[in-house]
Amino acid sequence: MSLSTPTAYWPLRSMPQSFSELRVGLIVLATSFASQWFFRRYEPRSTLTRVALLVVIPALLSFPISCTHAVSWYAALPLAFVAYGGSLGAFILVYRLSPFHPLANYPGPIIAKTSKLWAAYVSFRGDQHRYYKRLHDLYGDVVRIGPNELSIRDASLVHTVLGQGGLPKGPRWDWRTGSPALIALCDPVKHGNQRKLWSQALSSKEYEAIVAKRARQLASCLENLVHRSGHKDGTALNMTAWFKYFTTDFMGDMAFGGCSELMNAGGDKDGIWTLLESGLRISAAVAHVSYFKPILKSLTGHKGPIHRFRDFGRETVFKRLQVGANRKDLFYHLSGEELPESERPSVDDVAQNGLLVILAGSDSTSNTLTGIIYYLLLNPTAYDRLQEEVDSVFPNGEEPLDVLKLSQMEWLNGCINETLRLLPAVPSGSQRSVLKGKGTKVLGKLYVECFLRRQLFLHTYSIHRDERNFHIPEAFLPERWFSQGALAGEHNVTAFIPFSYGPTMCVGKNLALMEMRMVLCWMLQRFRFSKVPGVAYEEWEGRIQDWFVIHFEPLSVNVSIRV
Ligand code: HEM
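- Within an unreviewed UniProt entry, the label attached to the protein chain reads High nitrogen upregulated cytochrome P450 monooxygenase 2, and the organism entered is Russula earlei.

As structure tokens, this is what we get:
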């Protein structure tokens, strides 16, 4: 047969062509496999390396692809990105679901094991706390909720994970710009240094008088509103908002020497809460995939709500630092005003804490106060017993200023603890990192292979509602906290971690407790809180959102003046 005939020519021409396509296909597969291995092994954090791996490599692959006869040169570039990106994604997926993955033995939903995008979506929906609790009820104490992340519902690990010598903070704080605020400082030494300033600042006794002044003002604002309504049986008020105004005004005084007058204005006059709430949901979701932060920032510039809120916090700090201290407020200590100039932290470092003060200091406390009123409405017996206690400890309208007496009131502290147990301000706890290293990290009963960086967290909401720790866990029972005569049944105080635990636990815990005890007594002395007819209170709890910090919808409460 002559070679010039079409039948003879076809196999000769197609052999090298198909061989060359196969060869190029193998090059793409090998390159994407190597990139997957590199990502896994080195977890590159520099933008340059990521651009090289995700942009430069596929761009280079378009050359061999364009050399095959099957693809024209202008189709080669998009094809290279699709082929390389697709096979890279497939390799990552297969590895994460394979029995070779170091967390393969931990149960969890398949979708969660494949990518943290799922966790970001759950977080964005706001029901992360309820979802993780359902997973723990289904799978047990350790659940794989991300390719490299575990959620833990085992109170015996509290000391090991969060205590002295425990694990450092996790990557949810990564990829931030500027100096980190205290809560985002992952380096234990830097954290410890800044924390000393915070502890010193928050231990001042001066704040008691400020809480009292602001509690008096809150009482008078509510009285005016009730009088103005003209109803002697009281009027419906949004207590979520009023407690926010109270805590923000107090924090303004305590941190900045006075900057906020929301109670006077009767509303969020600067729109800071609106701004914060619209940013928190996105920020909580993005924290799961923190490498998206730079992308999001480049898309929104400085116009995203969280950035605008951070800018507001920074500006407030700058203004306060320019004016100087009129007394020893929080920023007096944080900026080291008593130290020689050379030893002071930079203004930029100090300014990052502006947002933290408003968020950590005001939001958690105001939400817990709202939660207490909510549970009192649903539990009239507990309400009556608390009322009796307030009236007997501070009779005849005596102002509740004695912090020692406040700290010894069993019903008062029982109600506060029960609310912190059922509705912890940070429901999904504080993420920790198991750093990369050789071998296995032993965490109590848990063994974590350290070939890669791992993340884990103790799921506060699930631990607090675990019957092995607290009997009848879903019930609001302040009596379980009594020093004497507490109800019989499980009561594991190690499992009570609303303020977290160890060297990074809430530095404002004592201040928050003092503030909540005082203002609650003030409110209960002067007002009677009752349900507003037609409001479905049981449903309100089901709409609570977990955006790293807990988020409440307005709680409408009938407020009347006690005679
Ligand atoms: C009911 C009130 C509060 C609750 C439940 C609460 C809870 C928490 C939790 C769970 C953390 C995370 C700890 C960790 O990462 O391990 C935290 C951190 C923090 N809280 Fe609070 N908090 C409250 C009130 C306050 C107040 C009034 C302040 C005062 C400014 C404050 C300031 C902070 C700060 C600065 C941090 C970071 C601590 C660190 O990283 O060392 N908090 N809080």
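## A look at the overall build of the protein chain
Here's step 1: Looking only at helices and strands, one finds 23 helices and 11 strands in the protein chain.
Here's step 2: The principal-axis extents of the C-alpha atoms in the protein chain amount to approximately 120 × 55 × 50 Å.
Here's step 3: As displayed, the protein chain offers around 25,700 Å² of accessible surface, 61% of which is attributable to carbon and sulfur atoms.

## Points about the site of the ligand
Here's step 1: Taken together, 28 residues are adjacent to the ligand, and Lys169, His191, Arg195, Ser500 and Cys506 come closest.
Here's step 2: At 2.7 Å, a side-chain N or O of Lys169 approaches an oxygen atom of the ligand.
Here's step 3: Elements represented by at least two residues in the shell around the ligand include exactly α8 (188-202), α17 (353-378) and α22 (509-526).
Here's step 4: Element by element, the count of residues in the shell around the ligand is highest for α17, at six residues.
Here's step 5: Across the shell around the ligand, the residue classes break down as 16 nonpolar, nine polar and three charged.

## Here's the deal with the packing of helix α18 (residues 380-393) against helix α20 (residues 410-422)
Here's step 1: It is the contact of α18 with α20, at a shortest axis distance of 8 Å, that shows an interaxial angle of 135°. One element, α18, and the other, α20, form an angle in the oblique class. Every residue of α20 that contacts α18 at Ala382, Arg385, Leu386 and Glu389 is listed here: Glu410, Trp411, Leu412 and Cys415.
Here's step 2: Looking at side-chain class alone, the contact of α18 with α20 contains five nonpolar, no polar and three charged residues.

## What about the pattern of salt bridges?
Here's step 1: Following the criterion strictly, the structure yields 27 salt bridges and no others.
Here's step 2: In this structure, Asp141 and Arg153 form a salt bridge, with 2.9 Å as the shortest nitrogen-oxygen distance. Placement of the pair is Asp141 in the loop between α6 (128-139) and β1 (142-146) and Arg153 in the loop between β2 (149-152) and α7 (158-162), with a sequence separation of 12 residues.
Here's step 3: Close ionic contact of Glu208 with Lys205 constitutes a salt bridge, the shortest N to O distance being 2.9 Å.
Here's step 4: Among the residues examined, Lys205 registers a relative accessible area of 57% and is labelled exposed.
Here's step 5: Residues participating in the shared-partner salt-bridge network are Lys133, Asp137, Asp141, Arg153, Arg465, Asp466, Arg468, Glu474 and Glu541.

## Description of the side chain of Asp546
Here's step 1: Its location among the elements puts Asp546 in strand β9 (residues 545-547).
Here's step 2: In this structure the side chain of Asp546 is engaged in a polar contact, spanning 3.1 Å, whose partner is the backbone nitrogen of Phe548.
Here's step 3: Discounting chain neighbours no more than four positions away, the residues touching Asp546 are Ser123, Gly126, Gln128, His129, Pro427 and Ser428.

## What about the coordination of the iron atom of the ligand?
Here's step 1: If you check the protein contacts of the iron atom of the ligand, you find one donor only, Cys506 (SG), at 2.3 Å.
Here's step 2: One can find Cys506 in the loop between α21 (460-464) and α22.

The rules behind each value
Residues numbered from 1 in each chain as written. Predicted model: local features only at pLDDT ≥ 70, side-chain atom pairs only at ≥ 80, totals over all residues. Heavy atoms only, no water. Helix = DSSP H or I, 4+ residues; strand = E, 2+ residues; numbered from the N terminus. Areas by Shrake-Rupley, 256 points an atom, 1.4 Å probe, with all protein chains shown as cover. Near = heavy atom within 4 Å. Polar contact = N/O pair within 3.5 Å; in protein donor to acceptor, adjacent residues only side chain to side chain. Nonpolar A, V, L, I, M, F, W, Y, C, P; charged D, E, K, R; others polar. Axes fitted to C-alpha atoms, helices over the stretch in contact; angles between N-to-C directions. Parallel < 35°, antiparallel > 145°, perpendicular 65-115°, else oblique. Contact = heavy atoms within 4.5 Å. Salt bridge = Lys/Arg side-chain N within 4 Å of Asp/Glu carboxyl O. Buried < 20%, exposed > 50% of the residue type's maximum accessible area, 1.4 Å probe, protein only. Donors = N, O, S within 2.8 Å, 3.2 Å for Na, K, Ca; no water.

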